[in-house]
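# A look at the structure
Letter by letter, the chains look like this.
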Amino acid sequence: MTFKAEYIWIDGTAPTAKLRSKTKILADDAKGAELPLWGFDGSSTNQAKGHASDRVLKPVFTCPDPIRGGADLLVLCEVLNTDMTPHESNTRAELAEVEARFGAQEPIFGIEQEYTFFEGDRPLGFPVGGFPAAQGGYYCGVGSDEIFGRDVVEAHLENCLQAGLGISGINAEVMPGQWEFQVGPLAPLEVSDQLWIARWLLYRTAEDFKVSATLDPKPVKGDWNGAGAHTNFSTKAMREGYAPIITACESLGEGSKPMDHVKNYGAGIDDRLTGLHETAPWDEYKYGVSDRGASVRIPWQVEVEQKGYIEDRRPNANVDPYVVTRLLVDTCCTALEKAGQV
Ligand code: ADP
Ligand code: MN
Ligand code: MN
Ligand code: MN
């Protein structure tokens, strides 16, 4: 007997990479063993030139395929060159190094993935040739005048749970047709791998409902909220005390750090981080308790309990989780190490 393995990878499209996948039929005895390497045409994914187009897919994370069911699998892959070095589009390999270096600090992340459904060229819920009622009632709303796409959202949530992903919640967002799911808290590679699979499942689930989902950070210009990927972060020391929370917040504001982070937090970040719509301007760094207009927020219970985590509110919905988690671990864990707060 055989089963189907959907090999999924992140391509080389700039400025924002896309997900690609194809199906491999494997003999049952391939299960339990390490899944085989595979290849693809990198010249069709912005990952190679035509004359040397082969690229290698190396399985790194596997889970049950909730779309096909049965014994079938989803297989997230890293992209390698034919000499087995990481391809330049492979940001996971770099995160693996940083996670190994700072693993003793036990960093964990919860990422809030916002996204928007589209039907043709309009967000779901936007009337033809016009705009719906202004923002105000849609966030966490109920009722068919406020909620668009709940059937898709429920199907996606169920698929993520069937796949065994660490989804921690969902909610309707501020703009009609805009939603959020959260993954984590989990270790850096885990949360990132699972977020990429959850994104793939979002697109794939929406296909069956004839709508599309986008991670565009500012899908409607003007007085409408953008879509972000708030990244919640803690280390063991931060989960046990408040001084390390402050050290982490301060470290993100030092020297060139604000720009080093923001320019890697997803294409089009200056369109979304305007200072309006619950954001801080992209070229200013500030942190604060309960402050949804800050770059980094310390949740109120964290101040009350004097321990917990911080929320980096800057990452765009289209951010690469391998990159944002690497930068946060690198900046904050280096500072915590220096301060002797580990
Ligand atoms: P918001 O109020 O910003 O909308 P959410 O409930 O959507 O908050 O998301 C909060 C996220 O923070 C969740 O993904 C949760 O898993 C994560 N989280 C909770 N505790 C921690 C922690 N100690 N370290 C890292 N992430 C955490
Ligand atoms: Mn949220
Ligand atoms: Mn949100
Ligand atoms: Mn948030």
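In this text, all values refer to a predicted model and were calculated from it rather than measured experimentally.

Definitions and cut-offs
Residues numbered from 1 in each chain as written. Chains lettered and ligands numbered in written order. Predicted model: local features only at pLDDT ≥ 70, side-chain atom pairs only at ≥ 80, totals over all residues. Heavy atoms only, no water. Axes fitted to C-alpha atoms, helices over the stretch in contact; angles between N-to-C directions. Helix = DSSP H or I, 4+ residues; strand = E, 2+ residues; numbered from the N terminus. Parallel < 35°, antiparallel > 145°, perpendicular 65-115°, else oblique. Left-handed = near helix turned anticlockwise from the far one by under 90°. Contact = heavy atoms within 4.5 Å. Nonpolar A, V, L, I, M, F, W, Y, C, P; charged D, E, K, R; others polar. Patch = residues over 30% accessible without salt bridge, like charges linked within 9 Å, V, L, I, M, F, W, Y side chains within 5 Å. Areas by Shrake-Rupley, 256 points an atom, 1.4 Å probe, with all protein chains shown as cover. Salt bridge = Lys/Arg side-chain N within 4 Å of Asp/Glu carboxyl O. Buried < 20%, exposed > 50% of the residue type's maximum accessible area, 1.4 Å probe, protein only. 1 Å grid on protein atoms, 1.4 Å probe; cavity = no way out; pocket = protein on both sides within 12 Å on 5 of 7 lines; lining within 4 Å. Points joined across faces, edges and corners; volume = space filled by probe spheres on them. Domains from an automatic or database assignment. Lys, Arg positive; Asp, Glu negative; His and termini not counted. Polar contact = N/O pair within 3.5 Å; in protein donor to acceptor, adjacent residues only side chain to side chain. Donors = N, O, S within 2.8 Å, 3.2 Å for Na, K, Ca; no water. Near = heavy atom within 4 Å. Sits in = over half its atoms within 2 Å of the grid points. UniProt positions renumbered as here; feature names shortened; annotations may be inferred.

### Comments concerning the packing of helix α2 (residues 150-162) against helix α3 (residues 188-207)
Running from N to C, α2 and α3 cross one another at 135°; their axes reach a closest spacing of 9 Å. The orientation of α2 relative to α3 falls into the category oblique. Helix-helix and strand crossings are classified by hand; for α2 and α3 the assignment is right-handed. On the side of α2, the interface is formed by Val-152, Ala-155, His-156, Asn-159 and Cys-160, while α3 contributes Ala-198, Leu-201, Leu-202, Thr-205 and Ala-206. In the contact of α2 with α3, the residues fall into seven nonpolar, three polar and no charged.

### What about a nonpolar patch on the surface?
A grouping of Val-289, Trp-300 and Val-304 is seen on the molecular surface, where their side chains present a nonpolar patch of about 310 Å² in accessible area. Relative to the assigned elements, Val-304 resides in helix α8 (residues 300-305). Among the residues examined, Val-304 registers a relative accessible area of 59% and is labelled exposed.

### Section: the layout of surface pockets
Within this model, the largest pocket holds a volume of roughly 650 Å³. Lining of the largest pocket is provided by 37 residues; of these, Glu-112, Glu-180, His-230, Arg-297 and Glu-311 occupy positions nearest its centre. Secondary structure elements with two or more residues in the lining of the largest pocket: β6 (108-119), β8 (167-172), β9 (178-186) and β11 (231-234). Around the second largest pocket, the lining is made up of 19 residues, and of these Pro-15, Thr-16, Ala-17, Asp-320 and Val-323 lie nearest the centre. Of the residues that constitute the lining of the second largest pocket, the class distribution is eight nonpolar, eight polar and three charged. There are two domains that each give the lining of the second largest pocket at least three residues, and those are domain 1 (2-89) and domain 2 (98-338).

### Description of the side chain of Glu-180
Position of Glu-180 among the secondary structure elements: in strand β9. One buried charged residue, Glu-180, remains without a salt bridge, the closest side chain of opposite sign being Arg-292 at 8.2 Å. Among the polar contacts made by the side chain of Glu-180, one reaches the side chain of Gln-182 at a distance of 2.6 Å.

### Some remarks on the coordination of the manganese ion (ligand 4)
Each protein donor to the manganese ion (ligand 4) is listed here as Glu-112 (OE), Glu-112 (OE), His-230 (ND1) and Glu-311 (OE); together their distances run 2.0 to 2.5 Å. Along the chain, the residues that donate to the manganese ion (ligand 4) are spaced as E-x117-H-x80-E. Between the manganese ion (ligand 4) and the manganese ion (ligand 2) the interatomic distance amounts to 3.9 Å, and Glu-112 serves as a bridging ligand to the pair. Of the two residues, Glu-112 is situated in strand β6 and His-230 in the loop between β10 (212-214) and β11; the sequence distance between them amounts to 118 residues.

### Things to note about the site of ligand 1
The immediate surroundings of ligand 1 are formed by 16 residues, with Glu-180, Pro-185, Ser-234, Arg-297 and Glu-311 found nearest. The side chain of Glu-311 places a nitrogen or oxygen atom 2.9 Å from an oxygen atom of ligand 1. In isolation ligand 1 offers 590 Å² of accessible surface; the protein chains occlude 75% of this area. Taken atom by atom, the bulk of ligand 1 overlaps the largest pocket. Contributing elements (two or more residues each) for the shell around ligand 1: β6, β9 and β11. Counting residues per element, the shell around ligand 1 draws most heavily on β9, which supplies four residues.

### Describing the environment of Cys-160
Structurally, Cys-160 can be placed in helix α2. Residues Cys-160 and Ser-256, spaced 96 residues apart in sequence, show a C-alpha to C-alpha distance of 38 Å. In this view, Cys-160 contacts Leu-165, Ile-167, Ala-198 and Leu-201; residues no more than four positions away in its chain are not counted.

### Brief notes about unusual backbone geometry
Here Ala-14 and Pro-15 are connected by a cis peptide whose omega angle stands at 0°. Here the residue pair Gly-184 and Pro-185 is connected by a cis peptide bond, since its omega of 0° sits within 30 degrees of zero. Checked against the element boundaries, Pro-185 lands in strand β9. Look at Cys-140: it is not a glycine, yet its phi comes out positive at around 55°. Along the chain, Cys-140 turns up in the loop between β7 (122-123) and α2. The partly exposed category is assigned to Cys-140, whose relative accessible area is 45%.

### Some points on the UniProt feature "domain: GS beta-grasp" (unreviewed entry) in the protein chain
In the numbering adopted here, UniProt assigns the feature "domain: GS beta-grasp" (unreviewed entry) to residues 3-84. The span residues 3-84 is 0% helical and 49% strand by assignment, and the distance between its end C-alpha atoms comes to 27 Å.

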